Amino acid sequence: MIHYLFSFIALLDRGWRRSGCFLYKHEMDRTCCPSYTIRLKANDFVPSKEQQRVSKRMQRFLDGTLSVKKSDGSIDAPNSSKGSYILAPKETTSIAAKDFLAGNLEGSNKAEQFTHYLSEQIGNAVRACIECGEFPSDVQLPKPSVQQVMQGKRKLLVEGSEDLLYSSNISFQIAAALRRANKDVQCLKLPEHSKQELSKSTESTPKLIAEKLASYLSHQSETRGLLVRACNGHINLYSTTKEAYSDVLKESPTGSGGKKSCLKKCSGRPQGKRQRLEIRLNRSSFDPEEYALYRRYQLKVHNDTPDHVSESSYKRFLVDTPLIYVPYTGDSTVPPCGFGSFHQQYIINGRLVAVGVIDILPKCLSSKYLFWDPDLAFLSLGKYSALQEIGWVRETEVHCPSLQYYYLGYYIHSCRKMRYKAAYRPSELLCPLRYQWVPFNIAKPLLDTKPYVVLSDFDSVQNEESAAAISFEDHMELQHDDAFQEQDELNDISVDEDEEMSELDSEDSDDGSGPETSGPTAADIDDGGVSNIAIGLKEARQRYKQAFGPTERRYLETQLHRYVRAVGPELSQRMVYSLG
């Protein structure tokens, strides 16, 4: 059964997508808005500052420290469809907001001051290691920072970490700084003893560095009330009592009266109400609560009319699937959840707030669609869910090494509102003619010039500067100068920044009236023979060369060659071309 899924991946890698059980592919050289399949390798993903802000905003919301204004209802009502939450300025005076997040602004400041205080304590530990010769004194090391660990993430990090409050990755930064310094040691002209210190220190891994710093912190009274542990290179701080947060602030010795006064002001937990986030992965099936959320989303975000958001259309679009479920086999070929189509639910305090429709395949997680609670638009749930899905691929690769990629659907460069997918870097675009993957940084300057480009022709370009410097006159004279006349609009919905990852993939409405092209077309690519294609006719299957005589063959051969070019020579031999 798993071989069937590899055939579906082969279609993805030739530009196909699915909408329910319907599989489709755009005629790239004819459509007004060419749609390029986009993917990224999850382990290579580097989050942007904006994506990091999205994660931090969600963390503050779950911790109860995000400044929001509640206009009606409550997130605590598990099945409530009411409640609107929008970002509010710091001087919010709304009574409802104060009731919902009583003291949150003050609590947020306290939390920030406390994490700053912990960062200083780790900084003291770094300086102590320098003084005792563990780290070289002639290399500038990065400043430590401590982050709160949101409640929903704690059990994912390490077993038994329900009381994990804070974490720092300073050990990784120190290790990287030491490696860079060791490479530049000749240029730095350091004294001989410093070179020896540096050479010795670069042998330390983040794990060893974390253990050294944790050992120092564990013996200091400044971290009383918190348990310090080194875990895989991270420095984690756990609460030992329910009042650990306030105990540390009250009992920690200070160096000056001013600092002592500051710590007293910071004592106590943030007063905002904490939220509980659950992420559940369910096999694709109809759920009335999901449909109710989908309906609200389509009506409010995409302004659909009620008669266009029926239960039957929802099932056809997001519940029905051609993929056969493959259960976990107990080995590394299938992840614990199995392969197939899934709905990933995001639930806050028992209330469904978002659903991601995804396909989990032997090679990738393919994101199909996302719908979310319009009242929580300020949380950027589209971006947040994409980050969660990328993180899921990275974690699952440990159990299933073949599952490495995250497919984001179609990237439409000629539509400004559909360019957000390129923010997930480093990504690749699929060449529409030769079906080779081309780095986005190479493809972008080409697409800035023409909507339709045979990307593989320029794959030898190494960076954006050299790509932009290419003379497009010689390379693109064979391509379609007039192939982009006004045609019916794509049914893919253009999304705003608050609607990201909500791509509605459906059949292109191109009427086929585009102009003929004289440039290189798919016909120029070797597509193999058609004689061995299986033809389905009246519940019978025969090979093409055996089923028809010369007259019928002349008519069908053109269609079969298009078919082979669309699905690929290898896959065309394994599929049935049905004639009814």
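Every value quoted in this text rests on a predicted model; they were computed, and no experiment measured them. (Residues numbered from 1 in each chain as written. Predicted model: local features only at pLDDT ≥ 70, side-chain atom pairs only at ≥ 80, totals over all residues. Heavy atoms only, no water.)

Trainee: Sorry, what's going on with the overall build of the protein chain here?
Mentor: A count of helical and extended segments in the protein chain gives 20 helices and 19 strands. Put simply, the protein chain has 580 residues, and 49% of those count as buried. Contacts in the protein chain between residues at least 24 apart in sequence constitute 67% of all its contacts with a sequence separation of at least 6. With an accessible surface of roughly 28,200 Å², the protein chain has 49% of that area assigned to carbon and sulfur atoms. (Helix = DSSP H or I, 4+ residues; strand = E, 2+ residues; numbered from the N terminus. Buried < 20%, exposed > 50% of the residue type's maximum accessible area, 1.4 Å probe, protein only. Contact = heavy atoms within 4.5 Å. Areas by Shrake-Rupley, 256 points an atom, 1.4 Å probe, with all protein chains shown as cover.)

Trainee: Could you clarify how one ought to interpret the side chain of Thr115 in this entry?
Mentor: With respect to the helices, strands and loops of the structure, Thr115 is situated in helix 4 (residues 104-131). When its relative accessible area of 14% is taken as the criterion, Thr115 is described as buried. Leave out the neighbours within four places in its chain, and Thr115 touches Val146, Gln148 and Tyr166.

Trainee: Can you walk me through the sheet that holds strand 7 (residues 164-168) in this structure?
Mentor: Strand pairing in a sheet is mediated by backbone hydrogen bonds. Such pairs are either parallel or antiparallel. With antiparallel pairing, the four strands of this open sheet are ordered in space as 6-7-9-8. One side of each edge strand has no neighbouring strand; the edge strands of this open sheet are strand 6 (147-148) and strand 8 (226-231). Examined bridge by bridge, strand 8 and strand 9 (residues 234-239) share six bridges and lie antiparallel to one another. Bridge assignment links Leu226 to a residue of strand 9, and that residue is Ser239. (Pairing = 2+ DSSP bridges.)

Trainee: Please clarify how helix 13 (residues 311-319) should be interpreted in this entry.
Mentor: Since one α-helical turn is 3.6 residues long, residues separated by three or four positions face the same way. Looking only at helix 13, the buried set comprises Ser313, Tyr314, Phe317, Leu318 and Val319. Summarising the contacts, the buried residues of helix 13 are in contact with strand 1 (17-19), helix 12 (288-300), strand 11 (340-348), strand 12 (351-360) and strand 13 (364-372).

Trainee: Would you take a moment to explain the environment of Ser385 for this structure?
Mentor: Position of Ser385 relative to the elements: it lies in helix 14 (residues 381-396). According to the relative accessible area criterion, Ser385 is buried, its value standing at 3%. Here the alpha-carbon distance between Ser385 and Ala354, two residues 31 residues apart in the chain, equals 8.6 Å. If we skip the residues at most four places from it in the chain, Ser385 touches Tyr346 and Leu370.

Trainee: Would you explain the nonpolar core in this entry?
Mentor: Note that soluble globular proteins tend to have their nonpolar side chains buried in a common cluster. Of all hydrophobic cores here, the largest spans 52 residues; its most connected members are Ile360, Leu429 and Leu455. Apart from residues no more than four positions distant in its own chain, Leu455 is found in contact with Tyr36, Leu429, Leu430, Cys431, Pro432, Val438, Ala443, Leu446 and Leu447. In this structure, Leu66, Tyr291, Leu318 and Ala354 belong to the second largest nonpolar core, which totals 34 residues. (Core = buried A, V, L, I, M, F, W, Y, C linked by side-chain atoms within 4.5 Å.)

Trainee: I keep staring at the sheet that holds strand 17 (residues 534-537) and nothing clicks. Help me out?
Mentor: Taken in spatial order, the three strands of this open sheet run 18-17-19, and their pairing is mixed. Pairing within the sheet leaves two strands with one partner each, and these edge strands are strand 18 (540-543) and strand 19 (576-578). Ignoring which end each strand starts from, the neighbouring axes of this sheet average 35° apart. Two strands pair when backbone bridges link them, and strand 17 and strand 19 are joined in this way by three bridges, in the parallel orientation. Note on strand 19: the bridge partner recorded for Gly536 is Ser578. (Axes fitted to C-alpha atoms, helices over the stretch in contact; angles between N-to-C directions.)

Trainee: Explain the packing of helix 6 (residues 170-183) against helix 9 (residues 206-218) here, please?
Mentor: Helix packing geometry: the angle between the two helix axes and the distance between the axes. One can describe the packing of helix 6 onto helix 9 by two numbers: an axis separation of 8 Å at closest approach and a directional angle of 120°. Here helix 6 is positioned oblique relative to helix 9, judged by the angle of their axes. The two elements helix 6 and helix 9 meet at a crossing, and its hand is right-handed. Where helix 6 approaches helix 9, its residues Ile170, Ser171, Phe172, Ile174 and Ala175 are matched on the opposing element by Pro206, Ile209, Ala210 and Leu213. Of the residues contributing to the contact of helix 6 with helix 9, the split by class is eight nonpolar, one polar and no charged. (Parallel < 35°, antiparallel > 145°, perpendicular 65-115°, else oblique. Left-handed = near helix turned anticlockwise from the far one by under 90°. Nonpolar A, V, L, I, M, F, W, Y, C, P; charged D, E, K, R; others polar.)

Trainee: Teacher, can you tell me more about the packing of helix 12 against helix 13 here?
Mentor: Between helix 12 and helix 13, the least distance of the axes is 11 Å, while the angle of their chain directions is 100°. Here helix 12 lies roughly perpendicular to helix 13, going by the angle between them. Counted together, Glu290, Tyr291 and Tyr294 of helix 12 and Glu311, Tyr314, Phe317 and Leu318 of helix 13 form the full contact between these two elements. The residue makeup of the contact of helix 12 with helix 13, split by class, is five nonpolar, no polar and two charged.

Trainee: Any chance you could explain the packing of aromatic side chains here in plain terms?
Mentor: The relation between two aromatic rings is expressed through the spacing of the ring centres and the mutual angle of the planes. This structure, assessed with the given rule, holds 20 aromatic pairs. For the pair Tyr24 and Tyr410, a centre-to-centre distance of 6.3 Å together with 70° between the ring planes defines the contact as edge-to-face. Separated by 386 residues along the polypeptide, Tyr24 in strand 2 (residues 22-24) and Tyr410 in strand 14 (residues 405-411) bring together distant segments of the chain. Judged on exposure class, the residue Tyr24 and its partner Tyr410 are both buried. With centroids separated by 5.2 Å and ring planes inclined at 65°, the aromatic side chains of Tyr297 and Trp372 adopt a geometry described as edge-to-face. On the criterion of sequence distance, the pair formed by Tyr297 in helix 12 and Trp372 in strand 13 is long-range, its members being 75 residues apart. No difference in accessibility class separates Tyr297 from Trp372, as the two residues are buried. Ring pairing ties together the aromatic residues Phe286, Tyr291, Tyr294, Tyr314 and Phe371, which thus form one cluster. (Phe/Tyr/Trp six-rings, centres within 6.5 Å; stacked < 30°, edge-to-face > 60°.)

Trainee: It is not clear to me how the pattern of salt bridges should be interpreted in this structure. Could you clarify?
Mentor: In a structure, side chains of opposite charge can pair up when their charged atoms sit close to one another. As enumerated under the stated definition, the model contains 17 salt bridges in all. Here the residues in one salt-bridge network are Arg296, Lys300, Arg351, Asp373 and Asp375, joined through shared partners. (Salt bridge = Lys/Arg side-chain N within 4 Å of Asp/Glu carboxyl O.)

Trainee: I would appreciate a short explanation of the side chain of Ser456 in the present structure.
Mentor: By the element assignment, Ser456 lies in the loop between helix 15 (440-447) and helix 16 (464-469). Given a relative accessible area of 13%, Ser456 falls into the buried group. Apart from the residues lying within four places of it in its own chain, the contact partners of Ser456 are Cys431, Arg434, Gln436 and Val438.

Trainee: Looking at this structure, I do not really get the environment of Arg541. What am I missing?
Mentor: Mapping Arg541 onto the fold places it in strand 18. Look at Arg541 and you get exposed, because its relative accessible area is 65%. As a C-alpha pair, Arg541 and Tyr577 span 36 residues in sequence and 9.1 Å in three-dimensional space. In this view, Arg541 contacts Ile535 and Val576; residues no more than four positions away in its chain are not counted.

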